[in-house]
Each structure stands twice: as C-alpha cells, then as structure tokens.
Amino acid sequence: MFLSLLKSEQVGRYKDIAWVLFKHGGRELADRFGFGEVVDDEWTDGDQKANAEELADDLEKLGPTFVKFGQVLSSRADLLPMTYLKALSRLQDEVEPFAYDEVERIMVEEFGATPSELYATFDVKPMAAASLGQAHRATLADGQRVVVKVLRPGIRERVQADLDALHQIARWIDEHSEFGRRYHFLATIRQFRRSLMRELDYTREADNLRTLSRNLESFERIVVPAPIDELCSDRVLTMQHMDGSKITDITPEQRTHVDGMKLIDELFHAYLKQVLLDGFFHADPHPGNVLLTREGRVAIIDLGMVGHLDESLQENLLNLLMAISEGRSDDAADLAMSVGDSSEVFDPKAFRAGMREVLSEHREQSVGEMETGHLLMDVCRVAGGTGLRIPAPILLLGKALMNLDQIGRTLAPDFDPNEALRRHTVSIVRTRTMRGLRPGQLFTNLMEMKHFTAGLPRRVDRLLDTLADNDLRFKIDAIDEDQLIAGIQKIANRVTAGLVLAALIVGAAMMMSVETDFTIFGYPGLAVLCFFGAAIGGVILLIDVLWMDTGRNKRGRR
Ligand SMILES: Nc1ncnc2c1ncn2[C@@H]1O[C@H](COP(=O)(O)OP(=O)(O)OP(=O)(O)O)[C@@H](O)[C@H]1O
C-alpha cells in the first residue's frame, strides 16, 4: 500500500485525506481499498443531500486547501450530481481570523513599515477572514477608502504539503481504478495546484483586477476595484473599496432603486465578452463576489481565480453555446466531442442520446425557468457520464453562468438568459470579425449553420444509406483537351475581330472631321467606308456568336 512509502509524520494527514476521498468517492474505490460499503447505490434525494452536506463539512475540517478543492469540485458537473455541486458551492471559508500582530509583521516584511505608517487609518479588526487570507478596511492619506487583503501566515507551506498528498493519492487512484482512468484525477490535481498557487500570489490577483477592469471599461454599469500599486506585493493586496452590498443580501427595497433587467443584461453581456472575446474571465462569480454599489452599479470582486480560453476553444464554445441555446442537440454533441477528450470508455451513442434528452427537457421550460448555466452543466454531466472529458474552462464557465442565472433571478426574475445569449452573441461575432479573429469561418458558421444544419441530417442519412447499400456512384465530367483548345482559339479570334472592328469605328469617327474631296452622302468617303466595313464585320461576328452558342447549348442539353 502506498502509505508505507511515506514518512511517518505525513501518514496521519494522508490517512485523513484518503479517508474523506474514499468515503465520498463511491463504492468502487471504497471496495478497492477494503473500506467496505460506504456509499449505497439506492440513495434517496434526502440521503444524497445529507451526504453532499457531509462532504462539504469533511472538506472544511481538512482545512484551506480542501475548502478550495471543494470550490473547484463544485464546478465539476461531469463528476458530481447537482446536489453535490450546490452543497460545495455554499462551502464557507469564513474561518478564524489571525492576529493583528501577524498582519503588522507581514506588512513590515513586505513594505518596511507598519499599517499605521502606511495608511491614514487601518481597521485592526478584519472585515472578512477567509481560508487563504483576511481583509481589512483602511483609508489612504488622500482619504480614499481601500480594502487590504493579507495572506495567512504559513499558508503556502501548508497548501504545498496538502497538494503533495493529494498528488500521491490521485496518482494511485488513476493507476488502480476504472474511476481514475475515466476521470483523470491526477490531471485535475495538477490543474488545481496551478490555480491554487496563483491564488497564493496577490500580485497576480492585482494583475487580474487591472486586466478585467481594462476589458470591461466600455460597460458603464460594471466596476472592478483598482489595485493601489505601491501597496501591493505577493502577500498584500490593497485595492479600491467597493461601497455596496452582496447581491445575495440586497433587500426588496434596494431592488426597487435599480433597473435590475439592465444590470443583469449588462453583466451577462460582460461575461460573454470575457469568455468569447477576451478569453479571460472571472471564474468565481458566486453571488458573494458580486456587489450592488450605492450608485446602482455592479462591482465584481475577488479575482483570485480566473479562466483562460484560447481562440479556437472560444470559437468552438461560441458555436456550442449557440447550438445548446437553439436546442440543436446533434450539433451540440458534435461540437462537444470536438472540444472534449474521449476516454477509453467513451460511448458516443449514449452521449448523443443523453444530449437529446437534456436539450429536450430544457426546451420545455418557460422563459423564467431557462438557465443557460444549468444547461451547460447538464451537458458536462452527460459528457462525464459517458466518458467524454470536457476542458476545464468550459466546466468553469458552466458554473460561472449558473451563478449568473442565480444573480439574474435576484435582480430581474423575468430575465431570459437564452434570449440574451443569442442577442449578445451577434454583437460579439461582429466585434470578432472587426478584430480579424477568423471572421469568415465564424460568421458563416453562425449565420448559415441554422439553415445548413436543418437539411444536413437528411442529406447525411441519404448518403449513409447509399453507402450501406454499396450503391454510391460518382459522375465525373472529363474535359476534352482538343475541344478546349479549339474553343479558346475561337474566343481569341472573336476578341481580335472585335478589336479590329472597334479600331475601324474609332478611326472612322476621327476621320469624320477631316476635309476631303472624296465624299459619300456628304461625309468623308473613307470614314463612311470604314463605318460600313465595321458594320458588316460586326453583323457577321454577331451571327457567328449567336449561331455557334445556340448550337452548343442545344448540344449540351441533349
Ligand atoms: N474591493 C472590495 N470592496 C469591498 N469589499 C471587499 C473588497 N474586496 C473584498 N471585499 C470583502 O472581503 C471579503 C473577502 O474578500 P475576497 O473574497 O476577495 O477574499 P478571498 O480570501 O479571496 O475569499 P475566497 O476565499 O472566498 O475567494 C469579500 O467577501 C468582501 O466582503
């Protein structure tokens, strides 16, 4: 057993982690490790909810790395049922704050001065204490209100040790279980390590705030706090204070003061722009990270976790979202398969059937119930269940859109995300075209796909039937070289004759003004002869053209 390979002081921690994973990892793993029957297949909804809450509690007890791990798992619609995703999304990381002495020590180490020397005021009591850091209210010398986030002391070392343990366990699971082969646990942990290590560097979060703020500057109802550069380091982040309440906490009275429909529409548009145009998006827009400011704007905070999409994934995702929102299940399945990575056990037939079922279920929903995020999460669930691995940014996006659906319900219950998706996508495609991002292909895809795909299944069906009957024939019209050359020669002769006739006419016209004794009908004789010559030649050429071409057309029809 792999536990025997570890140092004795690590064993206790590994055991705790392994136990939680196996306890909730399903019967397959539990059996494999001889823990007995931990999970029963015949769960009722109530059992499942209770187990999901228990998983959230167990992860919380394991500490900050696992609280973050739970938050990441909450986007894995391909791996876990919705009840679990919901329980994990609520995972609280309100933990015990650390002492102000530590804050002071970190400030001195980072900037060589204490908070009272660096800020005009600094609230000793933290406004929030999360697993990775805590936030304090402060003001600058010019009176500007700021929030100062300070990284928890010793957190990097602790997270590193936990990640090492998770890495070992994940590798073991991948090598020894069907579950691991299907879901590539190790790849998930590697990615988790990368994103968590980035979250532990506040200079990155400051960069993310700057980038998002720049990308969203055209949205007048959206605001992103600006970092205060001279008071930022990898362990301290000072940024503009956003004066407002969390969307989840707004009162019905506050709601009447804002145009909820416009706000959510702009927020939705901003998200689509982040994902489909900028390829850089806020990966954690849970309602607690979105504030409604006193001026009636939406503030986006906590840019610790961001998602990146390259251009080709953006394009595929755009087409996938359109196919999903229009209920074109076969197109959506094709697109998902082109972005996904098939495991050895992938079953395309079951995937297509699942997609059809999910999209038809959602088609029956009324406008108010439509949830794009939920829909995308369901697509990921079907993919995971049939062995198709969906890229992490799409999973993150599913969760982000689901959070937006929730924010939408709070701000404007009548908001229709599907309609908004279609409307904003058109403007996004236009901007992509103007920016020169593979415009032709994308635009054609979007605008023509609908009509093209309507007839496509029928055409493909017919083609496949013919192939199956071994009755596919090709008709090839070969070119007769001699005839082609004769034809070209004829064209050349006609063009030359035309040019000579044109020259005669121009020459005749020029001679009209020449004074001469030789006249015909009172006009210069040479000019009149040239005109006649040109007219007779023109008529002959015309007859030749009409005669020959009509004859060829008739032959062609025969
Ligand atoms: N710019 C800001 N303006 C106003 N309040 C803020 C601002 N930044 C953070 N806060 C408050 O501090 C809390 C913690 O901040 P934030 O979510 O960024 O911390 P975190 O440690 O990254 O949390 P999490 O672990 O949930 O990601 C927020 O929920 C919010 O109440």
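Fair warning: this is a prediction, and the values are worked out from it, not measured in the lab.

Caption draft 1: The overall build of the chain, seen in detail. Counting secondary structure elements, the chain contains 22 helices and 15 strands. A burial count over the chain gives 47% of its 558 residues as buried. Contacts in the chain between residues far apart in sequence, at least 24 positions, make up 69% of those at least 6 positions apart.

Caption draft 2: Focus on the side chain of S233. As for its position among the elements, S233 is in the loop between strand 5 (222-223) and strand 6 (236-240). In terms of polar contacts, S233 uses its side chain to reach the backbone amide nitrogen of R235, at 3.2 Å. Ignoring sequence-local partners within four residues, the contact set of S233 consists of E110, F111, Y202 and T203.

Caption draft 3: Structural context of the nonpolar core. Ranked by size, the top nonpolar core spans 122 residues in total, and within it L267, L317 and F351 carry the most contacts. Residue contacts for F351: discarding those within four places in its chain leaves A333, A336, M337, F346, V379, V382, A383, T386 and L388. Of all hydrophobic cores here, the second largest spans 14 residues; its members include M107, F122, V148 and V150.

Caption draft 4: Seen up close, the sheet that holds strand 5. Spatial strand order, 5-10-9-7: four strands in an open sheet with mixed pairing. The two strands at the open ends of the sheet, each matched to only one other strand, are strand 5 and strand 7 (244-246). Sheet topology note: the strand 7/strand 9 (residues 290-293) ladder contains three bridges and is antiparallel. Along strand 9, the bridge assignment pairs S245 with L292.

Caption draft 5: Local environment of the confidence of the model for the chain. Across the chain, the average pLDDT comes to 80, with 81% of residues at 70 or higher. Note that pLDDT drops below 50 for residues 439-444; the model gives that stretch 10 contacts with residues more than four away or on any other chain. Here residues 446-479 is modelled with pLDDT under 50, and outside its nearest four sequence neighbours on either side it reaches 17 contacts, counting other chains as well.

Caption draft 6: Broad picture of the packing of aromatic side chains. Overall, the coordinates contain five aromatic pairs when judged by the stated rule. Ring geometry for Y119 and F122: centres 5.4 Å apart, planes at 50°, overall tilted. Since its relative accessible area comes to 14%, F122 is described here as buried. By the ring-pair criterion, three or more aromatic residues cluster together here, those being Y100, Y119 and F122.

Caption draft 7: Seen up close, the layout of surface pockets. Size it by volume and the second largest pocket reaches roughly 740 Å³. Along the wall of the second largest pocket there are 32 residues; nearest its centre are Q191, R194, A392, P393 and L396. Elements with a minimum of two residues in the lining of the second largest pocket: helix 10 (185-199), helix 11 (202-215), strand 11 (306-308) and helix 18 (392-411). By residue class, the composition of the lining of the second largest pocket is 14 nonpolar, 10 polar and eight charged. Three or more residues apiece are contributed to the lining of the second largest pocket by two domains, here domain 1 (2-92 + 158-194) and domain 2 (307-468).

Caption draft 8: The pairing of strand 9, seen in detail. Where burial is concerned, the two faces of strand 9 agree: the one with V290 and L292 and the one with L291 and T293 are both buried. Of the pairings in the sheet, the one linking strand 9 to strand 10 (residues 298-300) comprises three bridges and is antiparallel in character. By the bridge assignment, V290 is partnered in strand 10 with I300. Hairpin connection, strand 9 to strand 10: the antiparallel pair is bridged by four residues, and G296 has positive phi, about 80°.

Caption draft 9: Up close: helix 10. Taking 1.5 Å per residue as the helical rise, helix 10 with its 15 residues ought to reach 21 Å, and the 21 Å between its terminal C-alpha atoms agrees with that figure. Taken together, the buried positions of helix 10 are F185, L186, T188, I189, F192, S195, L196 and E199.

Caption draft 10: Fine view of a positive patch on the surface. A contiguous patch of positive charge, built from R171, R190, R194, R198 and R204, is present on the exposed surface. The greatest single-element share of the positive patch, amounting to three residues, is contributed by helix 10. Counting through the fold element by element, R171 comes out in helix 8 (residues 155-176). Under the relative-accessibility criterion, R171 is labelled partly exposed at 38%.

Caption draft 11: Fine view of the pattern of salt bridges. Following the criterion strictly, the structure yields 26 salt bridges and no others. Between R105 and E102 there is a salt bridge whose closest N-O contact spans 2.7 Å. Of this pair, R105 and E102 both sit in helix 6 (residues 100-111), separated by three residues, roughly a single helical turn. By relative accessible area, R105 is classed as partly exposed at 37%. Residues E419 and R423 are paired through a salt bridge, measuring 2.8 Å at the closest nitrogen-oxygen approach.

Caption draft 12: Up close: the environment of D123. Counting through the fold element by element, D123 comes out in the loop between strand 1 (121-122) and strand 2 (128-129). On the basis of relative accessible area, D123 is assigned to the partly exposed category, the value being 33%. For the pair formed by D123 and T139, sequence separation is 16 residues and the distance between their alpha carbons is 9.0 Å. Dropping the residues within four chain positions of it, D123 is found in contact with H136 and R137.

Caption draft 13: Just the packing of helix 4 (residues 64-73) against helix 10, in detail. Contact pair helix 4 / helix 10: the axes reach a minimum separation of 11 Å and the direction vectors enclose 115°. Between helix 4 and helix 10 the crossing geometry is right-handed. Across from T65, K68, F69 and V72 in helix 4, the residues of helix 10 making contact are I189, F192, L196 and E199. Class assignment of the residues belonging to the contact of helix 4 with helix 10 gives a composition of five nonpolar, one polar and two charged.

Caption draft 14: Local environment of the pairing of strand 6. The element strand 6 is extensively covered by neighbouring structure, given that four of its five residues are classed as buried. Note: strand 4 (residues 145-151) against strand 6, five bridges, orientation antiparallel. Bridge pairing in strand 6 links V147 to M239.

Analysis parameters
- Residues numbered from 1 in each chain as written.
- Predicted model: local features only at pLDDT ≥ 70, side-chain atom pairs only at ≥ 80, totals over all residues.
- Heavy atoms only, no water.
- Helix = DSSP H or I, 4+ residues; strand = E, 2+ residues; numbered from the N terminus.
- Buried < 20%, exposed > 50% of the residue type's maximum accessible area, 1.4 Å probe, protein only.
- Contact = heavy atoms within 4.5 Å.
- Polar contact = N/O pair within 3.5 Å; in protein donor to acceptor, adjacent residues only side chain to side chain.
- Core = buried A, V, L, I, M, F, W, Y, C linked by side-chain atoms within 4.5 Å.
- Pairing = 2+ DSSP bridges.
- pLDDT = per-residue confidence, 0-100.
- Phe/Tyr/Trp six-rings, centres within 6.5 Å; stacked < 30°, edge-to-face > 60°.
- 1 Å grid on protein atoms, 1.4 Å probe; cavity = no way out; pocket = protein on both sides within 12 Å on 5 of 7 lines; lining within 4 Å.
- Points joined across faces, edges and corners; volume = space filled by probe spheres on them.
- Nonpolar A, V, L, I, M, F, W, Y, C, P; charged D, E, K, R; others polar.
- Domains from an automatic or database assignment.
- Expected span 1.5 Å × (residues − 1).
- Patch = residues over 30% accessible without salt bridge, like charges linked within 9 Å, V, L, I, M, F, W, Y side chains within 5 Å.
- Areas by Shrake-Rupley, 256 points an atom, 1.4 Å probe, with all protein chains shown as cover.
- Salt bridge = Lys/Arg side-chain N within 4 Å of Asp/Glu carboxyl O.
- Lys, Arg positive; Asp, Glu negative; His and termini not counted.
- Charge placed at Lys NZ, Arg CZ, Asp CG, Glu CD.
- Axes fitted to C-alpha atoms, helices over the stretch in contact; angles between N-to-C directions.
- Left-handed = near helix turned anticlockwise from the far one by under 90°.

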